[in-house]
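The lines below spell out each chain.
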Amino acid sequence: MRALPLALSAATLAVVLVPVVPAQAAALPAIQLVKVYYNSPGSPDNGANSSLNGEYAQIKNTTRKAVSLKGWTLRDKTSAADHIYTFGAFTLGAGKTVTVRTGKGTNTSTIRYWGRSGGGTFAYIWNQSSDTAYVRNASGKLIDSCSYSNSRVAFKNCL
């Protein structure tokens, strides 16, 4: 009879000592949207490249391994095909962040360019009052999203 209470006490102690991980921490994606800068300096204007490049989204690899983003997409809430940025051959290093700028420029290991120009205010991707950014993997699975609805600030921190 004494063995049963002792066994129950040991089981209770084991349950108490198991670390509890919040559901949020366990559910964080390996690739995350960090920031959407949707109200670039000087906009709205006629879509000058400097203003277009002032509009961007940042994506971070939160893992300890490099992740290939080939075929991954970044897009806004619209269904317009020209509002989808598709990564070519690109690997995001462990713990690194890539900035995807709306305008034109030379791609680097930390900055990618959507390549949009002209079209006046239609060249911009991110709406100034409210929008949602979506990151999907090469299979089309939603990995992360970030929404904002505040025209009084220029960017949204997504973390």
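Residues numbered from 1 in each chain as written. Predicted model: local features only at pLDDT ≥ 70, side-chain atom pairs only at ≥ 80, totals over all residues. Heavy atoms only, no water.

Caption draft 1: Region of interest: the pattern of salt bridges. Counted under the stated rule, the structure contains 1 salt bridge. The salt bridge partner of Asp82 is Arg116, with a shortest N-O separation of 3.3 Å. Here the residue Asp82 occupies a position in the loop between strand 4 (73-75) and strand 5 (84-86), and Arg116 occupies one in the loop between strand 8 (111-113) and strand 9 (131-136), the gap between them amounting to 34 residues. With relative accessibility at 44%, the residue Asp82 sits in the partly exposed group. (Salt bridge = Lys/Arg side-chain N within 4 Å of Asp/Glu carboxyl O. Helix = DSSP H or I, 4+ residues; strand = E, 2+ residues; numbered from the N terminus. Buried < 20%, exposed > 50% of the residue type's maximum accessible area, 1.4 Å probe, protein only.)

Caption draft 2: Highlighting the state of the cysteines. Applying the stated criterion across every chain, the model contains 1 disulfide. With a sulfur-sulfur separation of 2.1 Å, Cys146 is cross-linked through a disulfide to Cys158. Torsion about the S-S bond of the Cys146 and Cys158 cystine: about -85°, corresponding to left-handed handedness. Taken together, the residues Cys146 in strand 10 (residues 142-148) and Cys158 in the segment after strand 11 (155-157) connect sequence positions 12 residues apart. Judged by relative accessible area, which is 22%, Cys158 ranks as partly exposed. (Disulfide = S-S within 2.5 Å.)

Caption draft 3: Just the sheet that holds strand 11, in detail. With mixed pairing, the 5 strands of this open sheet are ordered in space as 8-7-2-1-11. What marks the edges here is a single partner per strand, and that holds for strand 8 and strand 11. Direction aside, neighbouring strands of the sheet carry axes that sit 25° apart on average. Note: strand 2 (residues 56-61) against strand 7 (residues 97-101), 5 bridges, orientation antiparallel. Paired with Ala57 across the bridge in strand 7 is Val100. (Pairing = 2+ DSSP bridges. Axes fitted to C-alpha atoms, helices over the stretch in contact; angles between N-to-C directions.)

Caption draft 4: Examining the packing of aromatic side chains more closely. In the structure shown here, the tally under the stated rule is 7 aromatic pairs. Aromatic side chains Tyr38 and Tyr148 sit 3.7 Å apart centroid to centroid with 5° between the ring planes, which places their arrangement in the stacked category. Here the residue Tyr38 occupies a position in the loop between strand 1 (31-37) and helix 3 (49-53), and Tyr148 occupies one in strand 10, the gap between them amounting to 110 residues. Using a relative accessible area of 5% as the deciding quantity, one classes Tyr148 as buried. One aromatic cluster in this structure is built from Tyr85, Phe87, Phe90, Trp114 and Trp126. Directly above the aromatic system of Phe155 lies the positively charged group of Lys35, at a separation of 4.3 Å from the ring centroid. (Phe/Tyr/Trp six-rings, centres within 6.5 Å; stacked < 30°, edge-to-face > 60°. Lys NZ or Arg CZ within 6 Å of the ring centre and 35° of its normal.)

Caption draft 5: Region of the structure containing the confidence of the model for the chain. Residue-level pLDDT values for the chain average 86, and 81% of them are 70 or greater. For the stretch residues 11-24, pLDDT sits under 50, and the model shows 1 contact to residues farther than four places along the chain or on other chains. (pLDDT = per-residue confidence, 0-100. Contact = heavy atoms within 4.5 Å.)

Caption draft 6: Representation of the sheet that holds strand 10 within the structure. One open sheet holds the 4 strands; their spatial order is 5-4-9-10, and the pairing between them is antiparallel. Edge positions in the sheet fall to strand 5 and strand 10, since each has one partner strand and no second. Sheet twist, expressed as the average angle between the axes of neighbouring strands with direction ignored, equals 15°.

Caption draft 7: Representation of the pairing of strand 10. The sheet contact formed by strand 9 and strand 10 spans 6 bridges and is antiparallel. Its bridge partner being in strand 10, Val135 is matched across the sheet by Asp144. Linking two consecutive strands that pair antiparallel, namely strand 9 and strand 10, is a turn of 5 residues; a positive phi of about 90° is found at Gly140 within it.

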